[in-house]
Amino acid sequence: MDKLVIGGVELKSRLLIGTGKFSSKKIIPDVIKSCETQVVTMALRRVDLKAKEENLLEYIPKDIILLPNTSGARNAEEAVRIARLARAMGCGNWIKIEVISDNKYLLPDNQETIKATEILAKEGFVVLPYMSPDLMAAKRLVEAGAAAVMPLGAPIGTNRGIKTKELVQILIDEIDLPIIVDAGIGRPSEAAEAMEMGAEAVLVNTAIATANDPVNMAKAFSFAVKAGRIAYLSKLGPTKQYAQASSPLTGFLNEGEL
Amino acid sequence: MSFYNCYEKFKNFDYDSFFEKVTESDILRILNKNKIDQYEFLALLSPVAENFLEEMAQRANILSLQHFGKAILLFTPMYLANHCINQCAYCGYNINNNIKRKKLTLEEIEKEAIAIASTGLRHILILTGESPKDTPLSYIIEAVKILKKYFDSIGIELYPMTEDEYKKIIEAGVDSLTIYQEVYDEEIYDRVHISGPKKDYHFRLDTPERGCMAKMRNVNIGALLGLNEWRREAFLTGLHADYLQNKYPDVAISISPPRIRPHAGCFEDVYPVTDKNLVQYMLALRIFLPYLGITISTRESAGLRDNLIPLGVTKMSAGVSTEVGGHSTDDKGEGQFEISDIRSVEEVKEAILSKGYQPIFKDWMHI
Ligand code: SF4
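The rules behind these values
- Residues numbered from 1 in each chain as written.
- Chains lettered and ligands numbered in written order.
- Predicted model: local features only at pLDDT ≥ 70, side-chain atom pairs only at ≥ 80, totals over all residues.
- Heavy atoms only, no water.
- Contact = heavy atoms within 4.5 Å.
- Salt bridge = Lys/Arg side-chain N within 4 Å of Asp/Glu carboxyl O.
- Polar contact = N/O pair within 3.5 Å; in protein donor to acceptor, adjacent residues only side chain to side chain.
- Helix = DSSP H or I, 4+ residues; strand = E, 2+ residues; numbered from the N terminus.
- Nonpolar A, V, L, I, M, F, W, Y, C, P; charged D, E, K, R; others polar.
- Buried < 20%, exposed > 50% of the residue type's maximum accessible area, 1.4 Å probe, protein only.
- Axes fitted to C-alpha atoms, helices over the stretch in contact; angles between N-to-C directions.
- Parallel < 35°, antiparallel > 145°, perpendicular 65-115°, else oblique.
- Left-handed = near helix turned anticlockwise from the far one by under 90°.
- Pairing = 2+ DSSP bridges.
- Right-handed = clockwise from strand over helix to strand, strands pointing away.

Give a detailed account of the interface of chain B and chain A, specifying residues and quantitative values.
Each side of the interface is counted separately: chain B has 37 residues, and chain A has 35 residues. One can count four salt bridges joining chain B with chain A. In this structure, the salt-bridge partner of A:Asp48 is B:Arg122, at a minimum N-O distance of 3.1 Å. Where chain B touches chain A, the interface holds 19 residue pairs in polar contact (both at pLDDT 80 or more). Going through the elements one at a time, helix H5 (53-68), helix H12 (230-247), helix H15 (345-354) and strand E11 (358-360) of chain B are the ones with two or more residues in the side of chain B that touches chain A. Considering every element that reaches the side of chain B that touches chain A, the biggest residue donor is H5(B), with four residues. Grouping the amino acids of the side of chain B that touches chain A by side-chain chemistry returns 17 nonpolar, nine polar and eleven charged.

Mind laying out the environment of B:Lys167, listing which residues take part and the relevant values?
Residue and element names in this part refer to chain B. Tracing the backbone through its elements, the reader meets lysine 167 in helix H8 (residues 163-172). By relative accessible area, lysine 167 is classed as partly exposed at 41%. Taking the C-alpha atoms as reference points, lysine 167 and arginine 210, 43 residues apart in sequence, are found 9.7 Å from one another.

Account for the packing of helix H7 (residues 137-147) of chain B against H8(B), naming residues and giving values.
Residues and elements named next belong to chain B. It is at 9 Å that the axes of H7 and H8 come closest, and there the two elements cross at 20°. Comparing their axes, H8 and H7 come out roughly parallel. Between H7 and H8 lies a crossing of right-handed hand. Mapping the contact onto sequence places Leu137, Ile140, Ile141 and Val144 in H7 and Glu165, Lys168, Ile169 and Ala172 in H8. Classifying every residue of the contact of H7 with H8 by side-chain character gives six nonpolar, no polar and two charged.

Give a description of the pairing of strand E7 (residues 218-221) of chain B that names residues and reports values.
Residue and element names in this part refer to chain B. Bridge count between strand E5 (residues 176-178) and E7: three bridges; the pairing is parallel. Residue threonine 178 lies in a different strand from E7, and its bridge partner there is asparagine 220. Since E7 and strand E8 (residues 252-255) lie parallel, the crossover through H12 that links them has a hand, and here it is right-handed.

Pasting the structure below:
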């Protein structure tokens, strides 16, 4: 399959996964293996370098790209501080910006996200901002130096699918960076749908982590993402906007003058 | 505007006749709704809703998984002192109780911190009674500076302070505030708070809000169950949490549902709150406020705590001693109440894992 390039790195897998909601850290290596993901996100606030057994990083194979996120940041300044800590703690220079000052729906603050992106991109981070799909905000993220844009499909954890479809489609059509659909994807079919729309990748956490069998669910997502990408590349046949009516109202026009 | 305005609306509310009118089909309809309002929350707290606990549990379980995943954050309280100038009828630290009083020195705090940190815990909650003379703000700040070396998150459960004092404490490294109203009913509040500064109902009621204004990251509230008819207190706690969350969306709001435990100088006048009641409270709350944190302490038994995990608990204490210096000294000050779940941190961790959940030791850091 065609490769995805983010921050100058070529990726074979277009499925990114989160680590936050699993029943045990011990299952994470098997999940990673079964879906062949290459990028794994984790909340830096959860990373504990002091305790080996509790240290999430111990469960992520070395060849995986770490995508620490700034979860817990309420504004740009805090996101920047967390990102710098992440780099200092040896998590590499990829960072997913998550600025959330709404604890009810966990919706991102686009304005603060743009500010943080600008500062961190200048400092050499590969910045992947999580955002509410909004065209102007996405354009500003491009200008600010983002490496990809991650619009939400639905609020975090809701597993409702791509409720923001029209807006995400606009980003896919208009923004020159990879669009990675993050949050809201609850089933493999929805991941496939995002990929068919032309998203470059999807990030899935809750749907895999809270499945009864996360390892197999991860595999199902991996197939779905591949299927969706292949469908996109093979150019989906144009869908008819309106079903052909069985008794057309304009049929008489073809029947010649009476 | 203060939460008192919301409280006032329900001051003369006829709970009994409301509960009488709730029907089984009301409950089923509410359980099928996406978002429920205050009165629907109250209906879920009604006696009729007791017939639907399993349905409520299924719904609460799904909401909790979506919002928090299969993860339970662990922490432990650390009692710095048990001096108190208040006379709360239900508390062992009450000024009139003849107990052994103790205040940890800074060296003792460090020893205690080392002992607790060695169990793997990274989140700590510090407690004192209310005694500005024995445990002034300056002492708390010194304590926080030491604890910062050993813990990634520091919470406080102290006497109510002003917004400015909270700002200073946050500056020193505290990120979470726990402050219980104890009882929302104003008359009962006055009766059980016999003397001392805690008698000021309004100052206490507005304390969580002052914490939010000072920009605490987490604010945890609650009613001490048993001081009043639990359904009313549960309702008002939910309304209080909702009020704070709507007004301060950047603060993570959580609640604790503590039940009165035996202590030195016991308090007799307790309203019963059964395990079933506690479960109903948690479930109704989770359905009303899906994003809300719920903390369960070691006041509850090991068996019950394990069973509560899938119902929406997000945070649990473990390896608890309510005695001052209980983790590291032989010369302890007396405890605030008797704990029920006496398992070690390691045992609690294993129990959470065996329930199919991940024990989390660290969910914050000083940034
Ligand atoms: S509840 Fe608090 S204020 Fe009241 S007596 Fe106990 S320690 Fe003092």
